[in-house]
Structures are given as C-alpha cells and as structure tokens.
Amino acid sequence: MSVQREARPDEANTPTVEAEKAPLLSVNSIEVIYDHVILVLKGVSLTVGEGGIVALLGGNGAGKTTTLKAISNLLKAERGEVTKGTIVFDGEQVQDLTPNDLVRRGVIQVMEGRHCFEHLSVEENLLTGAFTRSDGAAEIRADLERVYAYFPRLKDRRDAQAGYTSGGEQQMTAIGRALMSRPRMMLLDEPSMGLAPQLVEEIFDIVRQLNDKEGVSILLAEQNTNMALKFANFGYILENGRVVLDGEASALRDNDDVKEFYLGIGGGERRSFREFKSYRRRKRWLS
Amino acid sequence: MQVLFDFLIGPFFQIFEAPIFFVEVVIGGMAAGIMYALVAIGFAVIFKASGIVNFAQGAMVLFAGLTLVGFLQMGAPLWLALIATVVVMVALAYAVERVVLGPLVNQPLIVLFMATIGLSFVIEGFGELAWGSDVHRLDVGLPRGSFFVGDIMIDRFHLVAAGSAGALVVAIVLFMQYTKFGRALRAVADDHQAALSVGIPLRMIWVITWSIAGVIALVAGVMWGTQAGIQFSLVLIAFKALPVLILGGFNSITGAIVAGLIIGVGETVFEVYWGQMMGGATENWFAYVVAMIFLFFRPQGLFGERIIERV
C-alpha cells in the first residue's frame, strides 16, 4: 500500500524534465449516472501525460469502460451522463463536446469488442476513420499506407468484408481505423478480449510502436492485468466505480495486493474471507 | 374437373393463343412495378441507415408532388420549381430530424415507427393546408402517347419512368459506394456506436438520409402525378410498397427494384388471366399474399443483407 501516493501521476508519465507541465488529459473526480438513477462512477480521477501509456485495471463492472466512454463522450448515446467533476484535454474542458468534436481534437476511442463495420471492406473501415479530416485525399491515402505498414496483414485483406475477417484482424482494423483520424490520444478498451495470447502480444507491440513513433498517448482499459502492467508506465486500479490503487506500473507489479487479487500469484497462506472484506472497506476510505 | 382445368391450364392456353397480348400485359405490369419500386426505394434508404420503417414515405410522395404543382402554379419555370421542391424536401428532412428523430434518439424502434405514423398525418395535413385539397393535374412535359415495336405497343411514358428509376438507382449506388458521406451512411447502418466513436455525427447522417428519401419521393411524385394526378390517395401507395419491401429485402435498393417488377408483373398477369375466376379486383390483395408466402421461406427477402455469422 505504500505505492499509493508516492509518485504523482504526471511526473511518472512525463518523460521530459519539466515535470510540472500540465498533463494532456486529466479526469477530475467524475461521477457518472446512467438512466438518471444508476450511479456507476463515484468520483474517478486520473491523468495521462503527453506520450504516456496508462493502464486502467479492474474486474468486470468496475467502471473501466464507463470511464473511457465518459472521456470520449459516447456515454450520451447510452443514456449516461457525467453529473459531477470535469474532464480536461489539452487545457480545455471537454465533457460537453460531442464525440465528433473530440475526434477532431485528437481523442478517439477503440471500443470493446472491436465494432468493425461488418458489411464494409477492411479498407473502407479504415477510411471511415478519416471522416473528420479535411486535409485532402492524398494525405489520407498516405496515412492509409502508414496503417498498412504497421499492420501488413490488413493490406492482404484490404478488400475482404470486415465481418468475415478473424478476430485479430478485426482488432487491427479497429485500431487502424482510429489511427486514420490522426489521434493524439487513443482510448483502448480491452484490445486483448477473445484473442490468442500470441496475437495479444503482437497487437500490444504495435500499439507500443504507435506510442513511440507517432507520439500517440494511450489510455488502456484491460482485464489482462499482467499484460497491461508490462506494457504501461502507470496504472490505476478501479473497483466499484472508485480508484482504489494507483502507481507506477513496476510498483503495482510488485505490490502484494495486486499480485494476490489481480495477478493470481500471491504467496503464502490464503487470507480468510473476513479479512478480505475488511481490507476492501479500508481501501475505500483511503481513496 | 372443369374448375381445375379453368384454373390451372386454361389461362396458359390463352397466353399461347395471343402471345403479343401477353407481352403487352407483362410490359404494363413492369410499368406498374417500377412505380411501386420508386416508393419502395425511399423506404429502403431510410431503413438501411436507421432501421426505421418510415410510414410517412407515402405522405412525402404526396407532399413532394403537391409542392411541385404549387410552385408551377405560382408561375415558376419547371427547372426552378424542381430545385425549389428539392430545397423544401431537404428542409423537411432537417425539420423531421430536429423535431421527431433527435428527441427520440435511443428509444426503441417501435416508438420511432409510431412517430413516423404521426408524421405521416402531419405531413399530409400540412400539404393540404399549404396547397389545398383539390386533385391537381401534373404535367411536366413528359412524353405521352405510344409507338409500336413490331406488333407490340409501348407507352413512351413507361420508358421515361423506367429510365428515371434506373438513373435514380445508379445515382444512389454511386453515392453510397464512392463518396465519403455514402461510406459514412453505410457505416452508420452497420454499427451506430462505432460510427459515433470515429466521429461520424449521426444527426447529420440522418438529415442526409431523409433528404435522399425526399428526392426519391419527388421523383415518385412526378411519375405518379403524371399518371394519375396529384391526389390524396397517393398516401396509400405506401402500403403497396410494403409487400415489395418484404419480397426484396428491407435494406436492399436492388431488391426494391426487382421485387417491384415481380409484384407489378405478377399482379397484372394474375388479374388479366385469373382475375375473372376469382371475382376480379385481385390486384388489391395479390401482392400481400405473395409477400406472406415469401415470409415463410425467406424472411430476409430476395436481396436482404445476410446476417454475418462467423464460425
């Protein structure tokens, strides 16, 4: 538990020396309510620095997807609403903008479960990602080639109907499609879902390259804690709509509680159920 | 025995005895079918993009026809009247999105369907209020009369109708396949959420969709109006488009054309050769019976989009 407040997130994410620079994205104690009654997020705060890779971890229903959708503002389409708190991207409050505005400003979400346009070809899928751009066909064409350079597999399948491609290819299509909007920040929701470990590795590798070469900051929601902590440089753990733990990825990996509850490699004798419960309760007080 | 013979074999003797008459009947049926198809395409475009069965399509045909006649009566030249009517139809699309679809977004589809029923009456009433309730003759100078190919009589107007339906379909398909907005339209049809996530504004897409449906309604209005005058019974042709859609597949534009032809030819031939035995007026129900039988065997229609299921 000592990891919790040691490192300030923006310091951890910003590789540059000027550690006090404002983060690219900051989410400040937001509360999200669905359908006017269902409280899903109970005050979540997090920051992502320019060029950072931040992991958002937690089990089913912890609020990872809701957090991402609150940022990209896809919540409204599901009758969700940010009722408290603010979301600031690049110095501007963005919680009242439409998804279209956000994509134009460089924030794009790759949704859980891939969500390719099934009846469109792979290439058409990629081109829809450039919808908000108005810098001309030649530029878009060039970016298409860049996407194919990152995902050579998609080039071979460019004319195939996306609905008939494999799960891995669909995930690549979804990421490539987001890349076509020239994002500054990508919100990745469970890219590993339903994919073979080898493919997950391949996709994470490519995302790391995007971060490296294209300077895309990444906020990644994952259940695959092990993979995510290897890949990210900072992490937040969500439980029941609250952040219960945060810290540098390496520190989280070595944390006993994370090992026990999320990585499944806790050593020593098992704790009793009663202890476990009180532990959780204490955690909520802390956050 | 005699009844069976009359029903199953007799009509075919008639067909063989007078083949030229049969060809003319088929051509007449195809002409009727194209008219149905023109209305059905309007339905298909909206259904494809939003999953809404737009009950108001018939009212939009009437409204487009009335508006065109109104502008012509005000003394506008034809080209200006056509452009002005297109502008009015786009404005209507915008208003529908603002007033009806926007506020109802995320509601179950049945709610949107009910809303279009209401919309149908509002458009009809508004058209009556603005342009009066008389039957208007519409003459935009389309060629009338007929000519002979060999022994077969062909109506010039039918050729024009077929030609404009064909041109309309080609234009729609080119727009859908090769433009940025067409691609966005298909993307929205596939997956609303994903379209939203890549920054496609749904409201703008809906305005475009309804505008296209409005232009299709105008073409249908011109054709129907030339043939039968602009009158309020035009609203009812929307019902004839439903069996066409069931046969062709609700989201297929090609399907609407092919199914329109099948229904048109089918009901005309049936009426001419079998109608007497059934007591006449078979045109009123033939299409619905065909659609019903079709639902048993191929509910997604002839050209309906197949549901992709990977194994």
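Note that the coordinates shown come from a computational prediction; the quantities given were computed from them, not determined experimentally. (Residues numbered from 1 in each chain as written. Chains lettered and ligands numbered in written order. Predicted model: local features only at pLDDT ≥ 70, side-chain atom pairs only at ≥ 80, totals over all residues. Heavy atoms only, no water.)

## With respect to the interface of chain A and chain B
Link 1 in the chain: Contacts between the two partners involve 33 residues from chain A and, on the opposite side, 23 residues from chain B.
Link 2 in the chain: Each partner contributes to the roughly 2,600 Å² buried at the junction of chain A and chain B, and carbon and sulfur atoms together form 57% of this total.
Link 3 in the chain: A per-residue breakdown of the area chain A buries against chain B is headed by A:Phe117, A:His119 and A:Phe131, which together make up 28% of the total.
Link 4 in the chain: Where chain A meets chain B, there are one salt bridge.
Link 5 in the chain: When the shortest N-O distance is used, the salt bridge between B:Arg186 and A:Glu124 registers 2.8 Å.
Link 6 in the chain: In this assembly, chain A and chain B are joined by eight residue pairs in polar contact (both at pLDDT 80 or more).
Link 7 in the chain: The set of elements that each furnish at least two residues to the side of chain A that touches chain B consists of α3 (99-105), β6 (107-110), α4 (122-128) and α7 (167-179) of chain A.
Link 8 in the chain: In the side of chain A that touches chain B, the residues fall into 12 nonpolar, 13 polar and eight charged. (Contact = heavy atoms within 4.5 Å. Buried area = accessible area lost by both parts, 1.4 Å probe. Salt bridge = Lys/Arg side-chain N within 4 Å of Asp/Glu carboxyl O. Polar contact = N/O pair within 3.5 Å; in protein donor to acceptor, adjacent residues only side chain to side chain. Helix = DSSP H or I, 4+ residues; strand = E, 2+ residues; numbered from the N terminus. Nonpolar A, V, L, I, M, F, W, Y, C, P; charged D, E, K, R; others polar.)

## A short note on the pairing of strand β8 (residues 217-222) of chain A
All names here are of chain A.
Link 1 in the chain: Judged by how many residues are buried, β8 sits mostly within the fold: six of six residues are covered.
Link 2 in the chain: Here β8 shows no split at all, with Ser217, Leu219 and Ala221 on one side and Ile218, Leu220 and Glu222 on the other all buried.
Link 3 in the chain: Pairing analysis gives five bridges linking strand β3 (residues 53-57) to β8, with the strands arranged parallel. Within β8, the position partnered with Ile53 by the bridge is Ile218.
Link 4 in the chain: When strand β7 (residues 185-189) meets β8, the two strands line up parallel, connected through five bridges. Note that in β8 the partner of Met186 across the bridge is Ile218. (Buried < 20%, exposed > 50% of the residue type's maximum accessible area, 1.4 Å probe, protein only. Pairing = 2+ DSSP bridges.)

## Details of the confidence of the model for chain A
Residues and elements named next belong to chain A.
Link 1 in the chain: For chain A, per-residue confidence averages 85 on the pLDDT scale, and residues scoring 70 or more make up 85% of the total.
Link 2 in the chain: In the predicted structure, residues 1-19 sits below a pLDDT of 50 and forms 34 contacts with residues beyond four places in sequence or in another chain.
Link 3 in the chain: Note on residues 277-287: pLDDT is under 50 here. Beyond four places in sequence and across chains, it has 19 contacts. (pLDDT = per-residue confidence, 0-100.)

## A look at the pattern of salt bridges
All names here are of chain A.
Link 1 in the chain: Evaluation of the coordinates by the stated rule reveals 23 salt bridges over all chains.
Link 2 in the chain: Between Glu78 and Lys69 there is a salt bridge; the shortest N-O distance is 2.6 Å.
Link 3 in the chain: The exposure class of Lys69 is buried, given its relative accessible area of 10%.
Link 4 in the chain: Between Glu214 and Arg146 there is a salt bridge; the shortest N-O distance is 2.8 Å. Placement of the pair is Glu214 in helix α8 (residues 197-214) and Arg146 in helix α5 (residues 137-150), with a sequence separation of 68 residues.
Link 5 in the chain: Using a relative accessible area of 28% as the deciding quantity, one classes Glu214 as partly exposed.
Link 6 in the chain: Among the charged side chains, a salt-bridge network with shared partners connects Arg133, Asp135, Glu139, Asp143, Arg146, Arg182 and Glu214.

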